[in-house]
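Each chain is listed here by its residues.
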Amino acid sequence: IKEILKLAPNATVVGTANCKAGLEKHYFGNWKFQTVKTGDTLNLGERTLSFLEAPMLHWPDSMFTYIEKDALLLPNDGFGQHLASSKRFDDEVDQNILIEEAAKYYANILWPFSMLVTRKIEEVQKLGLKIDMIAPSHGIIWRKDPMKIVTAYLRWAKGEAEKKALIVYDTMWESTEKMAKAMLEGISSEGVEATLFRLPVSDNGDIIAALLETKGLLVGSATINNGVLPTVAPFLREMEGLRPRNKLAAAFGSYGWGGGAVATIEKALKSAGMDLVVPAMTVKWVPDSNELQ
Ligand SMILES: Cc1cc2nc3c(=O)[nH]c(=O)nc-3n(C[C@H](O)[C@H](O)[C@H](O)COP(=O)(O)O)c2cc1C
C-alpha cells in the first residue's frame, strides 16, 4: 500500500475503522482514507463494491467485499491458503494440495475463531448473494466450485472430525517412543487410522492441519525436570491457543522418579478445551512387554 500510494498519491484508501487505525500504526502515512462499514457500498462506475465487516476473521480490521456484477466475493483472509503458485485458479492446481493447504490455513489461523466463521457464513448465506467466485487475499481463487470451500469451512468450524488418532510425542531415550509405537499398533489393530508425529522433527503446522479432521489426540513426553521436554511445550502452547473443538485426548510418557510430564500435558490439553478420555499412561524407565501391551 505504501508503495502504491507513492505512485498514486491522490488515491483514497478504503477500509474499516480498524483498518485505518492499523495502517496508520504500521506505516505512519498521512493518506486519504474513506472509512466504510457493513452495508456501505462504493460505486466505481462499472462495478459497485458492497462491504461486510468480518472482524477477527482473522484480524480486527477484516472485511468481506462483494461485487455483484461479477458475483465475486473478496473475503480477505477467509477461505485462503498459504499456497504460492504461478497459477491463479482452483481448477488449475492439484485439488488435493489445494484442500490440504486450505485446511492447514484454517487449522493454524482460523480455528480459534470457528464460531465467528460459522456466523459470518450464515450471515452471507442469508443475504442470498450469488457467488460464482471467491478470491481470498491469500492463495488460489475459488471459481470451479466456490461452495466446496464454504462447505469445508462449515464442517471445520463445527469441529466435525473422523474417527482417527494422532500420536504426538518426543523422547530422549526411546521409552516414550516405544509407548507411542505400541499405541499406534493398538489403535491400528482396531481398524482406526493413526499417525505418529515426533516432535520436533515434525512441523507443528502439519500436525495441526492433520488434527483438524481427526478426533483423537495422544500427546507423549518423557519427563525432564518435573515437566515436559522443551520440544513438546510449543505444541501444547499451540493447542491452548487454537483450542480445537470436540477432541478426545490423552497423555502418556516415561519417567524416572517423580514424573511430571503427563500432568503438564493433561493440564494443557484441558486448558485447550479437550476431553481427557483415559487416565494418563505412564511407565517408569523402560516399558516392559506387559506395559506395552
Ligand atoms: C536431564 C534429565 C532430567 C530428568 N528429570 C526427571 C524428573 O524431573 N523426574 C522424573 O521422573 N524423571 C526425570 N528424568 C528421567 C527420565 O524421565 C527417564 O529417563 C525416562 O525414562 C526417559 O524417557 P525417554 O526414554 O522417553 O526419554 C530425567 C532425565 C534426564 C536426562
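Residues numbered from 1 in each chain as written. Predicted model: local features only at pLDDT ≥ 70, side-chain atom pairs only at ≥ 80, totals over all residues. Heavy atoms only, no water.

Comments concerning the side chain of Glu 177
Position of Glu 177 among the secondary structure elements: in helix 6 (residues 175-189). Contact partners of Glu 177, with chain neighbours within four places excluded, come to Tyr 169, Thr 171 and Arg 198. (Helix = DSSP H or I, 4+ residues; strand = E, 2+ residues; numbered from the N terminus. Contact = heavy atoms within 4.5 Å.)

Some details on the site of the ligand
Taken together, 18 residues sit near the ligand, with Thr 171, Met 172, Thr 176, Thr 223 and Ser 254 positioned nearest. Take Ser 175: an N or O atom from its main chain is 2.9 Å from an oxygen atom of the ligand. In this structure, Asn 225 approaches the ligand through a main-chain N or O atom, which is 3.0 Å from a nitrogen atom. Compared with its free state, where it exposes 640 Å², the ligand has 87% of that area covered by protein. If you list the elements that add at least two residues to the shell around the ligand, you get helix 6 and strand 11 (248-255). Class assignment for the residues of the shell around the ligand results in seven nonpolar, ten polar and one charged. (Near = heavy atom within 4 Å. Polar contact = N/O pair within 3.5 Å; in protein donor to acceptor, adjacent residues only side chain to side chain. Areas by Shrake-Rupley, 256 points an atom, 1.4 Å probe, with all protein chains shown as cover. Nonpolar A, V, L, I, M, F, W, Y, C, P; charged D, E, K, R; others polar.)

Structural notes on the packing of aromatic side chains
The full count for this structure, using the stated rule, is six aromatic pairs. On the basis of an interplanar angle of 45° and a centroid distance of 4.6 Å, the ring pair of Phe 79 and Tyr 153 is categorised as tilted. Highlighted residues: Phe 79 in the loop between strand 6 (72-74) and helix 3 (95-110) and Tyr 153 in helix 5 (residues 146-158), separated in sequence by 74 residues. A residue is classified by how much of its surface remains accessible, and Tyr 153, at 2% relative accessible area, is buried. (Phe/Tyr/Trp six-rings, centres within 6.5 Å; stacked < 30°, edge-to-face > 60°. Buried < 20%, exposed > 50% of the residue type's maximum accessible area, 1.4 Å probe, protein only.)

Some points on the UniProt feature "domain: Flavodoxin-like" (unreviewed entry) in the protein chain
What UniProt calls "domain: Flavodoxin-like" (unreviewed entry) maps, in this numbering, to residues 165-293. Summarising residues 165-293: 38% helix, 26% strand, and an end-to-end C-alpha distance of 18 Å. (UniProt positions renumbered as here; feature names shortened; annotations may be inferred.)

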